[in-house]
Structure formats: C-alpha cells, structure tokens
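Residue strings, one per chain:
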Amino acid sequence: MIKFDNVNKWFGSHHVLKDIDLEVPEGKVAVICGPSGSGKSTLIRCINRLEKIQSGEIFVDGTAVHGKNKLTELRAEIGFVFQQFNLYPHMSVIDNITLAPTKVKKMDMNQAKELARELLVKVGIEEKAHAYPVQLSGGQQQRVAIARGLAMNPKIMLFDEPTSALDPEMINEVLEVMVKLAKDGMTMVVVTHEMGFAKEVGDSIVFMDDGAIVERNSPATFFTNPEHDRTRQFLNKILP
Amino acid sequence: MQEFYINSLIDSLPFFFKGWFITLELSGISLITSTIGGLILGVLKYLRIPIIKYIVAGYVDLIRGTPFLVQIFIIFFILPEWNINLEAFASAVLALTIYGIAYICEIVYSALETISKGQVEAATSSGLNLFQTLRYVILPQAYRPILPPLVGQYVLMVKDTAIVSVIGLTDITRVGWLTVQRIPDGILVFGLVGIFYFVTCYPMILLANHLERKFTIQSSSL
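Reference entry: report on the structure contained in this document. Quick caveat, the model's predicted, so the values are computed rather than measured. (Residues numbered from 1 in each chain as written. Chains lettered and ligands numbered in written order. Predicted model: local features only at pLDDT ≥ 70, side-chain atom pairs only at ≥ 80, totals over all residues. Heavy atoms only, no water.)

**Topic: the overall build of chain A**
Thinking step 1. Looking only at helices and strands, one finds nine helices and ten strands in chain A.
Thinking step 2. Scaling as 2.2 N^0.38, a compact globule of 240 residues should have a C-alpha radius of gyration of about 18 Å, and chain A matches this with 18 Å.
Thinking step 3. The principal-axis extent of the C-alpha atoms belonging to chain A is close to 55 × 45 × 30 Å.
Thinking step 4. Split into buried and exposed, the 240 residues of chain A put 54% on the buried side.
Thinking step 5. The long-range fraction of contacts in chain A, counting pairs at least 24 apart against all pairs at least 6 apart in sequence, stands at 63%.
Thinking step 6. Only carbon and sulfur atoms are counted for the fraction: they give 45% of the accessible area of chain A, which is about 10500 Å². (Helix = DSSP H or I, 4+ residues; strand = E, 2+ residues; numbered from the N terminus. Rg over C-alpha atoms; globule rule 2.2 N^0.38 Å. Buried < 20%, exposed > 50% of the residue type's maximum accessible area, 1.4 Å probe, protein only. Contact = heavy atoms within 4.5 Å. Areas by Shrake-Rupley, 256 points an atom, 1.4 Å probe, with all protein chains shown as cover.)

This is the structure in structure tokens:
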C-alpha cells in the first residue's frame, strides 16, 4: 500500500532522510519512533507530499507520490492527523468535517452531515457537532481531527505525533479511537512515543535515528530483543 | 470684517459641498478599486509564485518609496506623452488606486502570514486545491487581522485625496484655495475645509478603533 524506494531528502545541506526503504502493506499499522530530530515527522509528511523529496520515490497504492500526478486526488485518499490538530477555528465541528467531502468529492451537504454525525459517534463526541474548536479540549479536538480525516473515506491514515500536544489525561481517549481504527483494518502510519499503543496494534515498529531507519521489527522482537544497540539505548530512555 | 467673511463663507457653502462630494466620490471609487487590487496582489504575494512575487514586491517597493505627489505628476504629465488622455478625475482615481493597492497589498499579505501554516497543510492534505483552501479556510480567517488596518488605510487615503487638487480637480481642498482668494481669511476658510475632512474621517477612525478592540478581545478569549 505504501512503499518507500530509496528515498533521500535534504533541507539545504542537512541530510534529513537517508536511503529510506520501507513498506507498509494494506491493513497494517507501522509505528515510527525515534529521538527528536531523527526525521520521523519528515518521513511521514513525505507520504502525502507535504514535504518534497530529492531522490527515490514513494508509492501509494501503486501511484508515484512525487511524480507528476494529480496531487489533490492522491491527498483525498490519505487522511493526515497533525500534532497541533489544525482544526479550522472559524468553523463548527460539523463544518470542519463536511468541508472536504462537499468541496472535493462534491458530496451532497445533507449526506455529508449524516456522515459527519456517524463519524462523531465513532470518535465519541457526537454531542459536540455544533461546538467550535476553541470550546473543545485538546483530546476532543484531536478526535474531531481524526473524524475529519476519516470523512474522505481514505485508504490510509497518517498520524504525526497525535498525542504529543495533549495533556496526559487526554492521551488515552485519542489512542482508543486509533486502536479501534487499526482493529477495523485501516492502513496506518503513526509517529508516536506511545509504546503501549505500538505494542497493542503495531504490526511493525520502525526506529529512526539521524535520518535513517536503524531497525524495523515486529513489536515482540522490538521490545524484548532489539537487534541494535541504539534501539536498546532509546528504549531504555523512554520505557518505564 | 470677520462677520462679513463669515457671511460670504456661508454664501459659498454650496460650493464647499460640491467640492466635498468630489472628495467623497474620488475616495469612494479609489477605496473600492484599491481594495480589490490590494486583495489580489496580497494573495499573489502570499502564494509566493516564482517571478510574480518579484514583480509584486518591486511594485510595492516602488510605490512606497516615492512620494504620492510625484506619482500623480507622473501619471498626469506622462500619460499624454503616450497619447493616453485622461481627465483630471480619472487620473486622480488611477493615481490613488495605484498608490492604495501597494499599501493594501501589504496589509493583506501580513494578515495572511499570521494564519498558521498548519491550516494550509490541513486543508490541502484533505484534498482541497489551492483556490478552495484560500476561499474556505484562509480568507475567512484573514478578515480579522485585515479589517482594522484596512480602515486605518482608508482614513489615510481620504486625506491623501487632498493632494489631487494639484492637477486641477475641484475637490474640497481646491475649493479652499479658490475661496481664500475671495475671502482672505485663511484660518476661517481652511478651518472649514478641515472640518469637512474631519467629519468624513472621524467615523472611520471610530470604526477602526472599534474593530481593533473587538478583534483583540475576541482573539484573546480564543
């Protein structure tokens, strides 16, 4: 479903992604972790071309992301959830969710609202349909952001540190939604430090350091018997 | 003597009102044209389109780096050389528009820059194209930071219309010049001219202050 083929990226002279090869099969969940500045956010942002790459190619469902294809069509099939939620502050929750379906897919407004309500039930905040983002807690905002992403019925959902901006007591309500999504068979790439989540639903864990993929393993091996010293050092720092 | 002047001034009031209408007409038309132009240019600058961004930046710097009076002279005296003959009113509108666009472009651009890049990323990630992103996500958020300085700019532009009297347009300032030749009491005549400007601008100043307060309170409660 997602395939990185020898991807390299530079910010000026800074080599931020080094020879990345990675595959995420359909219906699987890849969790990316690593120290800050290791390139994990950049990597996930390349999948829907929020960042450009300088060499190699990324394929999503067989389509070259960085080739000269129709970018908006491709992006419509990939949901993206940001660390800072990025809800539209001037729109109510339901309008946040219906915007892309009605404008990009030309879905009928009533149908889109019906869909939005279903999704709000799914993320557990149906009572907030007419609230504005500013009236919601961080956890609620992030769940709306997930619903907004799902409204386009994407093939893939990308999560860029979805719980890093949240107060600790709100992290679980967001993770629960993501776990449900993973169990429903969504193809997901998740940049996170939530190792509990990684253990529970991750099909593979990718550890990045200094722009390169150091280790990629199943959760069982990754947490109990990592191959690389750097992975071990990292896990020692972040695991309780 | 003073009483005689006041009486003649009262007799000339219709003349003053006529000049005031010219000022209002000139300001009104120029505000609309320069707002439309400024919005378009501001958005273009925000989009950072190659080549166009340099043209916009060059235009803005050129206009902001030369006196308005000189710009008017250039338009009024140079255009006929190219066989473009505009009447004084059209020249004045053109000059005010060219000048207003440069400032309004900067207001719009700075306002757009205050909106987080995450908004653009969220919108384009969901499949909205650039036009839809601007139309539904960015511009609706931009009116708050745009409006207060825009109204402030309108006040400046209304006052700057005074300068166009140099090319023979009988606006309220030129009415003052003509009247003071008959009624040689400068303080009285130009005091009256000043009142006309103040009556025009003061409501706008109040509006700008009101918008400033309203949007500051709203954004601090957000």
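More follows now that the structure is in view.
**Remarks on the sheet that holds strand E5 (residues 63-64) of chain A**
Residues and elements named next belong to chain A.
Thinking step 1. An order of E2-E1-E4-E5 is seen for the four strands of this open sheet, with the pairing classed as antiparallel. The sheet is open, and its two edges are formed by strand E2 (14-24) and E5, each paired on a single side.
Thinking step 2. For strand E4 (residues 55-60) and E5, the ladder comprises two bridges, and the chain directions are antiparallel. Looking at the pairing, valine 60 lines up with threonine 63 of E5. (Pairing = 2+ DSSP bridges.)

**Section: the interface of chain B and chain A**
Interface extent is often summarised as the accessible area lost during association of the parts.
Thinking step 1. Tallying the contact residues gives 18 residues for chain B and 23 residues for chain A.
Thinking step 2. Around 1600 Å² of area is buried between chain B and chain A when both sides are counted, 60% of it from carbon and sulfur atoms.
Thinking step 3. Per-residue buried area on chain B facing chain A is highest for B:Glu121, B:Ser125 and B:Tyr136; these three make up 31% of the total on that side.
Thinking step 4. Viewed at the interface, chain A and chain B are joined by one salt bridge.
Thinking step 5. Here B:Glu121 ties to A:Arg45 by a salt bridge, and the two come within 2.6 Å at their closest N and O atoms.
Thinking step 6. Mapped onto the side of chain B that touches chain A, the elements with two or more residues apiece are helix H5 (117-125) and helix H6 (130-160) of chain B.
Thinking step 7. Here the side of chain B that touches chain A gets seven residues from one element, more than from any other, and that element is H5(B). (Buried area = accessible area lost by both parts, 1.4 Å probe. Salt bridge = Lys/Arg side-chain N within 4 Å of Asp/Glu carboxyl O.)

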